Amino acid sequence: MPASTLKSSIKRDSPDFQKNSRRIIELLTEIKNQDEQIRQGGGPKAIESQHKKGRLTARERIAKLIDPGTYFFELGTFAAFEMYEEWGGAPSAGTITGLARVCGRLMMLIVNDATVKAGAFFPMTAKKVIRAQNIAIENKLPTIYLVDSAGIFLPLQEDVFPDTDDFGRVFRNNAVMSAMGIPQLTAIMGMCVAGGAYLPVMCDHILMTEGSGLFLAGPALVQAAIGQKSSAEELGGAKMHSQVSGTVDFREPDDDACLARIRALVDKMGAPDPPIFSHTKSRDPLFPSEEIYGIFSQDAGKQYDMRDLIARVVDASEFEEYRAEYGETLLCGYARIGGWAVGIVANQKKHVHTTAPGSDQKRLEFGGVIYTESAEKAARFILDCNQNRIPLIFLHDVNGFMVGKDAEWSGIIRAGAKMVNAVANSVVPKISVICGGSFGAGNYAMCGKAYDPRFVFAWPTARYAVMSGDSAAGTLVELKLKQLEREGKKVDEKAKKELFESVRATYEHQTDPRYAAARLWVDAIIDPARTRDVLIWALEAASLNADLADFKTGVLQT
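Residues numbered from 1 in each chain as written. Predicted model: local features only at pLDDT ≥ 70, side-chain atom pairs only at ≥ 80, totals over all residues. Heavy atoms only, no water.

**Quick word on helix 20 (residues 531–542)**
Residues separated by three or four positions in an α-helix point in the same direction, a consequence of the helix having 3.6 residues per turn. In this model, helix 20 (12 residues) spans 16 Å end to end at C-alpha, consistent with the 16 Å of a helix rising 1.5 Å per residue. Here helix 20 lies mainly inside the structure; 10 of its 12 residues are buried. Among all positions of helix 20, only Thr531, Arg532, Val534, Leu535, Ile536, Trp537, Ala538, Leu539, Ala541 and Ala542 are buried. (Helix = DSSP H or I, 4+ residues; strand = E, 2+ residues; numbered from the N terminus. Expected span 1.5 Å × (residues − 1). Buried < 20%, exposed > 50% of the residue type's maximum accessible area, 1.4 Å probe, protein only.)

**Considering the packing of aromatic side chains**
Centre-to-centre distance and the angle between the planes together describe a pair of aromatic rings. Enumeration according to the criterion identifies 17 aromatic pairs in this entry. An angle of 40° between the planes, with centres 4.9 Å apart, marks the rings of tyrosine 84 and phenylalanine 122 as tilted. A residue pair is termed long-range when its members are at least 10 positions apart, and tyrosine 84 in the loop between strand 1 (73–75) and strand 2 (95–102) and phenylalanine 122 in the loop between strand 3 (105–112) and helix 4 (123–139) qualify at 38 residues. Neither residue differs from the other here; tyrosine 84 and phenylalanine 122 are each classed as buried. A connected cluster of aromatic rings, assembled from ring pairs, spans Tyr71, Phe73, Phe455, Phe457 and Trp537. Of note, lysine 405 hangs over the ring of tryptophan 409, and the distance from its end group to the ring centre comes to 5.2 Å. Lying over the aromatic face of tyrosine 515, arginine 519 brings its terminal NZ or CZ to 3.5 Å of the ring centre. (Phe/Tyr/Trp six-rings, centres within 6.5 Å; stacked < 30°, edge-to-face > 60°. Lys NZ or Arg CZ within 6 Å of the ring centre and 35° of its normal.)

**Quick notes on the pairing of strand 18 (residues 455–458)**
With burial as the criterion, each face of strand 18 is covered, one bearing Phe455 and Phe457 and the other bearing Val456 and Ala458. Pairing geometry for strand 17 (residues 430–439) and strand 18, over 4 bridges, is parallel. Paired with serine 432 across the bridge in strand 18 is valine 456. With 2 bridges connecting them, strand 18 and strand 20 (residues 524–525) associate as parallel partners. Across the sheet, the residue bridging to alanine 458 is isoleucine 525, located in strand 20. (Pairing = 2+ DSSP bridges.)

Rendered as structure tokens:
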């Protein structure tokens, strides 16, 4: 049968298209400006200080390490955004993580930024490193650590040290990755002290540059603890560790030599296992990706056809839609992205005129809402993708599940549980892209962060919360007014409006994708026009893990 090629009749000169484009471009510009500021790290003085030590900055090291002419796909850029301001902030949580090609191999890079508080670990720093390691574990990505860190940021040690997603988990992951056969290389290119000293020693290869330090306790702490006086070089310098302790595999004179040695070692690594997912030659979509700006609408009351977005992401704009006439507020179908076969589950934002099940009555189904039929369709589709080893892509713009008597009588809870079960137990790679809203249980059913997607990406237009801003503000204000009434206080209309706007502003700030990215709820805020490129990166990473567990769902509600 011929492939189903999506058609598109977008009018680029329509007022709505132009308005949508302007709004997204304005958002993108704001975010890109903030991104550029974050990339300055600790600022010009801190960069100058790093250079005076004869060391490159973190970003300069990355640029020299990766293959010439290739792109570093950074993850977690907005980590700790607008956090720790009482300590002067921690741009990008003082560490840089992302995917890159080194000698043709796809790798995870984890690089301390010594221009930010000497590379010290804030609470979000530990969580960011752990997130990068978890991505490496899930996708069997070889990992390179470039270490230049003063250790834990002591004023916040209680939030960095003890828990399962804190500092100690980093070394636990080193051990787990090693046991899994995931290659790890560490280069000590500055300070590596206290508990952090365990990280390099638990990796396959350890490199160290002259002038760096590797010790459990620095000279001052050693003297205070046991009265012993020694220089940093005697205690834990590169020469001592290469000639005396035997801890270091390669002693390098400077950053350039160290990075060259890393590339030489990566060049000789064994080949990865062949992928188990279907892959063919990539074909470009039939329509320009930039048109996504004008198609997508942030307005809750506006409709758009998600197929128009899919047509600008998938190979040759071909989409084999599954049960196209059933449960139409969720689109399910098969496609290829960058040659990789995928199953797509996407919220349809067009309203649908349909017939109520079990009757001949016509009804209107609202776009962006999951109904009983759409949940059941998606659950079955996800089962099929697992049966056939097809990675899943979730495109979010969801208000949640349908409510009300008709929905309850149709078994919406049962159908929703079935979909959530299928998502939760899915063993093929899952990748989520939050395009617009991702609210309430809709977020769960569409593979939100709690459901272990390999990657979570967000557009600048994403909104991530238990409910939309207006709904939440109305609910919270109503609760506040009832509390004031119980206390015998009266509130006039002006005060009510001010209270509503104040609550709404706070809530809207918390639903912004930058707020989510600061807390690592999303891995990256991406340009909508680059969605296809980003998904290709993610699918290539996912293809490196050829091991899939047996697919089991347990009890499915029927």
